[in-house]
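Descriptive analysis of the structure
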Amino acid sequence: MKELSPIEEVSPTVKPSSSVAANIQFIQQLLASPEDLVIRNAATAGGTTSIAIVCIEGLADKQFVQRLVQMTMEESLAGPSAWIGERLMLQEIKRSSDWNDSILSLLTGDTLLFVEGSPEITIVGSKGWKSRSVEEPQTEALIRGPRDGFTEDIRTNTALVRRRIRDPKLRLESYRIGRRAQKEVILAYIDGVVNPMLIQEVRRRVESIDMDDPEGSGFIEQWITDNTLTPYPQILNTERPDKVAGAIMQGRVGILVDGTPFQLILPITLTSFIQSPEDYYQNWILSSVLRILRVLAVFAALFLPGIYIALLEYHHGLLPSKLAFSVAGSREGVPFPAVVETFLMEGTLELLREAGIRLPKSIGQTIGVVGGLVIGEAAVSAGIVSPVMVVVVAVTAIASFASPSYGFAISIRLLRFGIMLAGSIFGLYGIVLALIINCIHIVNLKSFGVPYTAPLAPLRMDDWSDFILRMPVKAMQRRPDIMETMNKGRQNQQEKEGRNG
């Protein structure tokens, strides 16, 4: 494991003593003798060798520690080596002469074993804190597909990935990030598939992280992202192990962060946000139709309110006569112009959505549905907004939920207000201008060197087999060309070409 930010309180020149009492005193002074620090002293059968066991209550497995203490009472030895290997074959055991490594292991649930006369510390893996079991992801539910999701325990998460990728070339590179609350971060990729330049760049950015406490994967994402002046996410976060495994098989890199169920995938493109793991579990025609539906939903969520404002304020003549009379009749008595009406309803909707998320799940759903119906009906009855406006806002809200990526949906919701403002000032010309500016922006975005708009720009026709349309499985014979992988073949008939390509 690569330690990027050592604990600053302990100088690297300070080494463990051969005296058990001195080592125990050092730990007590460093941690200020907390109540959850457990210290057990024992002696060998001959009564000459002093042994001490140190752990943190609540982090270490209590039953294992008790068994370890009992073994120290039973064994006659001159050092721990004589019985550690025989009695603890399934435990992770290592020896260290570094206080930083030892203290960090202690604070993550391992047990430290000290023997009188030995300047080395034996670190025994004994992590046993309470953790959430593997459950179905809450934010990425599927109709057809696996039901397991990542947890807050990184070892469980690596096991979920290895369970899906049984390849000896799967690499899990471990880093420690953070000066104070150190977190373990793992880079997952397949050696011989991933582009070496990509993994080198990911390593460089991860090693550049310098903060006290990376509280979650969001901190890692914001630190290593290419462009911070954009609302678009350039790294995909997910709770689904199958999504991470599928991305790794394509030649991408997964970043697993301890303490959070949301793991990262990079690099990504704009189309990554309309693709769902469920697309690969069912017929390609149905998957393609669903992807087209998601694209239309994104455009509706982004432009529908702005187009409504532009048509009512500037371009009445573009509406059919019957529709124009119907809209005008529904707006009779509304005291606000269309732009104020739209901003008022959209702002209320966002407020209800945010309140529903913060409340308990059962109450939040009730607030979202009932609150929207009650407020919408009351606003129409009071003549504050028109019924057409309620329909537009409702369709926009439903369309914004069609994206499989919650982070991307938030970006669309934010950009929607900018397009509404452009439509209120310049009409359809403003919306077109906002679209052009947005296209210029995303064309210049990159995710770890991969163009954000690929395979549309630059044009890579070979990658269109898994673009908006998903071709049959037999037609998806190559990994994405835009990833520049070392092995491009994904099926047997392409293996030779992949090795040479």
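Here's what I pulled together on the structure shown here.

Here we come to the packing of helix H11 (residues 338–358) against helix H14 (residues 406–426). Contact pair H11 / H14: the axes reach a minimum separation of 10 Å and the direction vectors enclose 165°. Relative to H14, the element H11 is oriented roughly antiparallel. The hand of the H11/H14 crossing is left-handed. Here Val339, Thr342, Phe343, Glu346, Gly347, Glu350, Arg353 and Ile357 of H11 lie close against H14, whose contacting residues are Tyr406, Arg413, Arg416, Phe417, Met420, Leu421 and Ser424. A per-class count over the contact of H11 with H14 returns seven nonpolar, three polar and five charged.

Here the focus is the pattern of salt bridges. Counted by the stated rule, this structure contains 26 salt bridges. Here arginine 155 makes a salt bridge to glutamate 184, at a shortest N to O gap of 2.6 Å. Taken together, the residues arginine 155 in helix H5 (residues 154–164) and glutamate 184 in strand S8 (residues 183–190) connect sequence positions 29 residues apart. What makes arginine 155 partly exposed here is its relative accessible area of 44%. Across the pair glutamate 350 and arginine 416 runs a salt bridge, and its minimum N-O distance is 3.6 Å. Of the two residues, glutamate 350 is situated in helix H11 and arginine 416 in helix H14; the sequence distance between them amounts to 66 residues.

What follows concerns helix H7 (residues 217–224). Helical periodicity: at 3.6 residues per turn, an α-helix aligns residues three or four positions apart in one direction. Regarding H7, the residues found buried are Ser217, Ile220, Glu221 and Ile224. Seen along its axis, H7 keeps its buried residues to an arc of 100°; they face one direction. Contact partners of the buried residues in H7: strand S7 (170–177), S8, helix H6 (196–207), strand S9 (236–238), strand S10 (253–257) and strand S11 (263–266).

Bringing the packing of aromatic side chains into the picture now. Any two aromatic rings considered together are summarised by their centre-to-centre distance and by the angle between their planes. The final tally for this structure, using the stated rule, is nine aromatic pairs. Arranged with centres 6.0 Å apart and planes meeting at 40°, the rings of phenylalanine 343 and phenylalanine 417 form a pair that is tilted. On the criterion of sequence distance, the pair formed by phenylalanine 343 in helix H11 and phenylalanine 417 in helix H14 is long-range, its members being 74 residues apart. Looking at phenylalanine 417, the relative accessible area reads 23%, which means it is partly exposed. Ring centres of tryptophan 464 and phenylalanine 467 lie 5.0 Å apart, and the angle between their planes is 55°; this geometry places the pair in the tilted category. An aromatic cluster is built from Tyr232, Phe273, Phe408 and Tyr452, whose rings are joined through pairwise contacts. A cation over a ring is seen here: arginine 205 above phenylalanine 448, with NZ or CZ 4.1 Å from the ring centre.

Angle between the axes and distance between the axes are the two parameters that describe a pair of packed helices. Their axes nearest at 12 Å, the elements helix H1 (residues 20–31) and helix H4 (residues 99–107) cross at an angle of 65°. Comparing their axes, H4 and H1 come out roughly perpendicular. With respect to the hand of their crossing, H1 and H4 are arranged in right-handed fashion. On H4, the residues touching Asn23, Phe26, Ile27, Leu30 and Leu31 of H1 are Trp99, Ile103, Leu106 and Leu107. Of the residues in the contact of H1 with H4, the class split is eight nonpolar, one polar and no charged.

Judged by nonpolar contacts, the single largest core of 36 residues is most densely connected at Val161, Ile165 and Ile248. Elements supplying a minimum of two residues to this core: H5, S8, helix H8 (241–249), helix H9 (284–313), H14 and helix H15 (428–443). With six residues, the single largest contributor to this core is H9. When near neighbours in sequence (up to four residues on either side) are disregarded, isoleucine 248 contacts Val161, Ile165, Leu170, Ala188, Tyr189, Ile190 and Gly254. In this structure, Tyr175, Val194, Ile224 and Ile235 belong to the second largest nonpolar core, which totals 25 residues.

About the cut-offs
Residues numbered from 1 in each chain as written. Predicted model: local features only at pLDDT ≥ 70, side-chain atom pairs only at ≥ 80, totals over all residues. Heavy atoms only, no water. Axes fitted to C-alpha atoms, helices over the stretch in contact; angles between N-to-C directions. Helix = DSSP H or I, 4+ residues; strand = E, 2+ residues; numbered from the N terminus. Parallel < 35°, antiparallel > 145°, perpendicular 65-115°, else oblique. Left-handed = near helix turned anticlockwise from the far one by under 90°. Contact = heavy atoms within 4.5 Å. Nonpolar A, V, L, I, M, F, W, Y, C, P; charged D, E, K, R; others polar. Salt bridge = Lys/Arg side-chain N within 4 Å of Asp/Glu carboxyl O. Buried < 20%, exposed > 50% of the residue type's maximum accessible area, 1.4 Å probe, protein only. Arc of directions from axis to C-beta. Phe/Tyr/Trp six-rings, centres within 6.5 Å; stacked < 30°, edge-to-face > 60°. Lys NZ or Arg CZ within 6 Å of the ring centre and 35° of its normal. Core = buried A, V, L, I, M, F, W, Y, C linked by side-chain atoms within 4.5 Å.

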